[in-house]
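Residue-level structural notes
The chain contents come next:
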Amino acid sequence: MSVRVRFAPSPTGFLHIGGLRSALYNWLFARRHGGVFALRIEDTDRSRFVEGAIENLQRSLEACGLKPDEGPFIQSERREKHLQYAYDLIEKDKAYYCFCTKERLDEVAKQQQALKHPIMYDRHCRNLSKTDAENRAAVGDEHVIRLKVPTEGSIKMRDMIRGDVEIPWAQVDDQVIIKSDGYPTYHLAATCDDHDMAISHVIRGEEWLSSLPKHLFIFESFGWQAPQYAHLPLLLNPDRSKLSKRQGDVAVEDYLAKGYLPEALVNFVALLGWNPTSDREIFTKEELAELFDITKVNKAGAVFNTEKLNWLNAHYLKSLDESVYLLKARELGFLDEDVVRMRAAIIARERITVLSELPALIEEATTVSDYSADMLVWKKSDASTAKTRLKSVRDYIAEKDEDWFGKPLAMEEETRTWIAGQGFSNGDTLWPLRVALSGREKSPSPFELMFVAGKDESLSRIDAALEKMA
RNA sequence: GGCCCCUUCGUCUAUCGGUUAGGACAGCGGCUUUUCAAGCCGUUAAGAGGGGUUCGACUCCCCUAGGGGCUACCA
């Protein structure tokens, strides 16, 4: 059997981090088994449709390297088809018209609540005569179509992650499958589409597990072969509730905009709920695909905690080619074409965890803070040494050409050699130098700072320091 | 409330009856070092509780507790 999976989000605005993981696991599964990964848009609730959401979703998926092989298939475009399926179900006595008003339903629910009974439809219209019901519907009486699920016994289901699950039919509602606006609900649309798209494996969030009986009932009613199901554990907020807005960013695009790299995001999210049973932490999605095993996915939800994501992102940031790194920073608006700021960005790389931290660090590396003369004195040294050392370094670098400042590694090596040759200590030479260049207790190394500032600016900062000490 | 799912360090996880319960992030300590980072090394820290089954349970079963999901004419 050929493997076909789908990612089927509703277009409510953006790709949720949980959605990214669902999409990723589907993608990994498809790649692992040489199958097809399709995108389907579940937009049957037109009141929740957000303009531009589909394009946005696609953009985020593509940014993460999860471009669908097929789709997007737009569910709402298949409305007629879904309606036909619903009528078929009525024909098979697996569904029925319901004319109950919102008011009556509310009333029923209220009574059930008062009696502490499960809140379900009381099946008031379940046994209406079919011809009567059809006539009323034809005349335009407002109605919905409900599933006519069994009332006794239970259904045994198999989940690729959880194994066997059994749910009593008494717990399953006569779910609405066609709304009064003529659009199908998720349950009907998703099952019919999964069948029509020949989906072999449904990999989706755990929140769907309880409605699996309805879906299986539909497959069975049509005599269709149901796909295999895998219900993924949920991603959780730090307080262990279902991951939501409010407790931090959940939109993939927000993470990308902040300067989290797609590779880091994908790597991180993949390991939330599954891991390839090794001590390795860094994987490309292709490497993950080779090892992916859906049956080994965890059952318990995983807290989406960005600490490890930060570490991963810092790691990926460091592994980028310098030109790519600078381009990324520029694309995201954290950097411009200014040469000095670009150099500052280069030296800032090893101290940032996300690109959005860049502007602040660039500011720090390109400016001198106000400082007092005594800050120029290393803790293990004295003022006169600081002064003479600084003067010596000044004279030393003043002889160098501009080019020399462009190579921080060589600059550092040569200078250290020179310091040793002079019989100076690193501390009483480098400390005053660095403070002269930054005006700060804490800063990048003097070599990095000189690299950023260039020859003239470096000398003038040192001169200013010498003047301060005079 | 009902039904379903779940439960190993703070967090993500390994372990598929026999391990000193391993790794990673975070934390802490150290090394390096002109400072801050980075890097390297080390270290603290876990099987929810109670019953079984078994020669032997983190691992299998039951109960309890706790957490989560669902309970819409939303997905």
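Scroll up to find the structure this text is about.
Note that the structure is predicted; figures quoted are calculated from it, not measured.

**A look at the packing of helix H13 (residues 339-348) against helix H14 (residues 358-366)**
When two helices pack together, their arrangement is given by the angle between the helix axes and the distance between those axes. One can describe the packing of H13 onto H14 by two numbers: an axis separation of 9 Å at closest approach and a directional angle of 110°. Here H14 runs roughly perpendicular to H13, going by the angle between their axes. The handedness of the crossing between H13 and H14 comes out as right-handed. Of the residues in H14, those in contact with Val340, Arg341, Ala344, Ala345, Ile347 and Ala348 of H13 are Leu358, Leu361, Ile362, Ala365 and Thr366. Residues that form the contact of H13 with H14 fall into these classes: 9 nonpolar, 1 polar and 1 charged.

**Details of the protein's contact with RNA strand B**
Of all residues adjacent to RNA strand B, which total 66 residues, the nearest are Lys179, Gly273, Asn275, Glu350 and Arg351. Of everything in RNA strand B that lies within 4 Å of the protein, sugar and phosphate atoms constitute 74%. One of the side-chain N or O atoms of Thr44 is found 2.9 Å from a phosphate oxygen in RNA strand B. At 3.2 Å, a backbone N or O of Tyr186 approaches a phosphate oxygen of RNA strand B. Contributing elements (two or more residues each) for the surface near RNA strand B: strand E5 (144-147), strand E7 (163-168), strand E12 (302-303), helix H11 (306-319), helix H17 (426-438) and helix H18 (446-469).

**Side note on the pairing of strand E2 (residues 36-41)**
Within E2, 5 of the 6 residues are buried, which leaves it mostly tucked inside the rest of the structure. As judged from the 4 bridges shared by strand E1 (residues 4-7) and E2, these two strands associate in the parallel manner. Bridge pairing links Arg4 to Val36 in E2. In this fold, the crossover linking E1 to E2 by way of helix H1 (residues 17-32) has right-handed handedness. For the crossover from E2 across helix H2 (residues 53-63) to strand E3 (residues 70-74), the handedness is right-handed.

**Overview of the pairing of strand E10 (residues 228-232)**
Regular strands have side chains that alternate between both faces of the sheet. Summarising burial for E10: 4 of the 5 residues are buried, a large majority. Relative to E10, strand E9 (residues 201-205) is paired through 5 bridges, and the arrangement is parallel. Residue His201 lies in a different strand from E10, and its bridge partner there is Gln228. The handedness of the E9 to E10 crossover, carried by helix H7 (residues 212-222), is right-handed.

**Things to note about the sheet that holds strand E8 (residues 176-178)**
With antiparallel pairing, the 3 strands of this open sheet are ordered in space as E4-E5-E8. Of all strands in the sheet, those with a lone pairing partner are strand E4 (95-98) and E8, marking the two edges. Within this sheet the neighbouring strands show an average axis-to-axis angle of 45°, counted without direction. Alignment of E5 against E8, held across 2 bridges, turns out to be antiparallel. The partner of Ile145 across the bridge, within E8, is Ile178. Its contacts with the sheet put helix H3 (residues 79-91) on E4, E5 and E8, and the angle it makes with E4 is roughly 105°.

**A look at the pattern of salt bridges**
For the structure shown, the criterion picks out 37 salt bridges. Across the pair Asp194 and Arg6 runs a salt bridge whose closest N-O atoms are separated by 2.8 Å. You can see Asp194 sitting in helix H6 (residues 186-196) and its partner Arg6 sitting in strand E1, a full 188 residues away along the chain. A relative accessible area of 3% places Arg6 in the buried class. Lys148 is paired through a salt bridge with Asp93; the nearest N and O atoms lie 2.8 Å apart. In this pair, Lys148 sits in the loop between E5 and strand E6 (154-159) while Asp93 sits in the loop between H3 and E4, placing the two residues 55 residues apart along the sequence.

Thresholds applied
Residues numbered from 1 in each chain as written. Chains lettered and ligands numbered in written order. Predicted model: local features only at pLDDT ≥ 70, side-chain atom pairs only at ≥ 80, totals over all residues. Heavy atoms only, no water. Axes fitted to C-alpha atoms, helices over the stretch in contact; angles between N-to-C directions. Helix = DSSP H or I, 4+ residues; strand = E, 2+ residues; numbered from the N terminus. Parallel < 35°, antiparallel > 145°, perpendicular 65-115°, else oblique. Left-handed = near helix turned anticlockwise from the far one by under 90°. Contact = heavy atoms within 4.5 Å. Nonpolar A, V, L, I, M, F, W, Y, C, P; charged D, E, K, R; others polar. Near = heavy atom within 4 Å. Polar contact = N/O pair within 3.5 Å; in protein donor to acceptor, adjacent residues only side chain to side chain. Buried < 20%, exposed > 50% of the residue type's maximum accessible area, 1.4 Å probe, protein only. Pairing = 2+ DSSP bridges. Right-handed = clockwise from strand over helix to strand, strands pointing away. Salt bridge = Lys/Arg side-chain N within 4 Å of Asp/Glu carboxyl O.

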